[in-house]
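So you can see what is in the structure, the chains are spelled out below.
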Amino acid sequence: MINVTKTFLPPQEEYQNILQRAWDTGWMTNRGVLVKELEATLKAYLGVPNMIAMTNGTLPLQIAIKALCLTGEIITTPFSYVATTSSIVWEGCTPVFVDIHPEYLTIDETKIEAAITPKTSAILATHVFGNPCDVETIQAIADRNGLKVLYDAAHCFGVEYQGKSLFNYGDVSTCSFHATKLFHTGEGGALFCRPEYYDTMYSHHNFGHDGPEAFHGLGINAKMSEPQAAMGLAVFPYFDRIMESRKASVSLYREFFSGLPLQVLRLREGTQWNYSYFPIIFESEAQLLRVKAALEAQNISPRRYFYPSLTMLPYVNSKVCDLANSIAERILCLPLYLNLEAEEQDRLLAIIKSAI
Ligand SMILES: *Cc1c(COP(=O)(O)O)cnc(C)c1O
């Protein structure tokens, strides 16, 4: 069985040794030693000053929308995981979809201004598959129109753009440390923000507490726990190895597809990528379904990331986004994980070649 991804598990003993330190303190959550150590480790590695570890990658989006007091309309991308749109709706705002760039697959920045109305409060875009949005243009649009900028950077652990972590862009960026992501804590995530927002974000993720007996305001519980942080600390030392291995698999895929009429992801110039996903875009949905069935018949499971387009969600007033809708119907992510064997890749590529 070859799946689209395989969760990296560190040697169990290493996880247990780290977890033992939580046992020694008798402290399982509320920012124990392991959460603090994980935050310090990741901040140093990524070069990000303001980070809050959280319990998943969805709550930081919701907290950011709440804490920045966003209301009305939020301009967003239809090509992402459902959490990007559901967070907007959950916080009582309205998603306004803007179509995507045909090659980068990120929000088409040239179409954002036409979607701004007096009700627009922010832009929430996704660096999809770890490919950066046009952050400079988006920031300039936001500045001209008094909007906040949020990035769903769930796929971006380890990605650098113009020489620094992609998490440094926008008012707030969020990441997911879910088990299917490149760096993971089982379930987990983080919020990165400008320094002036740190205290509010922090307070919101901890019930709004201002010390044990007072409250700043409304909050929720998004705290990361010690067992989650222990997993992160056990996985982290392997992160560079994970990226190296995936890099080799990606080169093999790229070389193969350069000889076929199928579209692969184009990375934005200035990006040092993390090899998080390998999507291919077929000429038609029929061709995709043919290839997918042929792979599945051989116990190989690619995934339709991201399908359907978020404009199809039953709780949004969908706006036509022709490109996003079309790409969502034709895109398939191929298996990619640490130690995916070259022979396995060759086998699945031969199946694709004969099925297209
Ligand atoms: C995984 C993912 C999320 C959600 O993260 P969780 O940690 O599962 O809550 C949000 N946005 C995108 C684009 C994702 O891929």
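Refer to the structure above for everything that follows.
This text gives an overview of the structure that appears in the document. All values derive from a computational prediction rather than experimental measurement.

**As for the sheet that holds strand β11 (residues 263-264)**
- Read from one edge to the other, the open sheet built from 3 strands follows the order β11-β13-β15, with strand pairing classed as antiparallel. Edge strands, defined here as strands with exactly one partner in the open sheet, are β11 and β15 (331-334).
- Relative to strand β13 (residues 278-281), β11 is paired through 2 bridges, and the arrangement is antiparallel. From the neighbouring strand, Q263 faces β13, where its bridge partner is I281.
- Strand contacts of helix α8 (residues 239-257): β11, β13 and β15, with the helix running at about 15 degrees to β13, the strand carrying the most contacts.
- Its contacts with the sheet put helix α10 (residues 322-330) on β13 and β15, and the angle it makes with β15 is roughly 45 degrees.

**Thoughts on the sheet that holds strand β7 (residues 160-161)**
- Strand order in the open sheet formed by 3 strands is β8-β7-β12, with antiparallel pairing between adjacent strands. In this open sheet, the two strands that pair with only one neighbour each are β8 (164-165) and β12 (271-272).

**A few points about the site of the ligand**
- Near the ligand you find 13 residues, and of these T58, D152, H155, S176 and K181 are the closest.
- Calculation on the ligand without its partners gives an accessible area of 380 Å², and the protein chains cover 91% of this total.
- Here the residues of the shell around the ligand are counted per class, giving 3 nonpolar, 8 polar and 2 charged.

**Regarding the packing of aromatic side chains**
- Under the counting rule described, the total for this entry stands at 23 aromatic pairs.
- A centroid spacing of 6.2 Å and a plane angle of 15 degrees characterise the contact between Y45 and F157, whose relative ring orientation is stacked. Highlighted residues: Y45 in helix α2 (residues 33-46) and F157 in the loop between β6 (148-152) and β7, separated in sequence by 112 residues.
- Take Y45: its relative accessible area is 32%, and that puts it in the partly exposed class.
- Judged by relative accessible area, which is 2%, F157 ranks as buried.
- Put simply, the rings of Y45, F157, F177, F183, F236 and F239 touch in pairs and so form one group of aromatic residues.

What counts and what doesn't
- Residues numbered from 1 in each chain as written.
- Predicted model: local features only at pLDDT ≥ 70, side-chain atom pairs only at ≥ 80, totals over all residues.
- Heavy atoms only, no water.
- Pairing = 2+ DSSP bridges.
- Helix = DSSP H or I, 4+ residues; strand = E, 2+ residues; numbered from the N terminus.
- Contact = heavy atoms within 4.5 Å.
- Axes fitted to C-alpha atoms, helices over the stretch in contact; angles between N-to-C directions.
- Near = heavy atom within 4 Å.
- Areas by Shrake-Rupley, 256 points an atom, 1.4 Å probe, with all protein chains shown as cover.
- Nonpolar A, V, L, I, M, F, W, Y, C, P; charged D, E, K, R; others polar.
- Phe/Tyr/Trp six-rings, centres within 6.5 Å; stacked < 30°, edge-to-face > 60°.
- Buried < 20%, exposed > 50% of the residue type's maximum accessible area, 1.4 Å probe, protein only.

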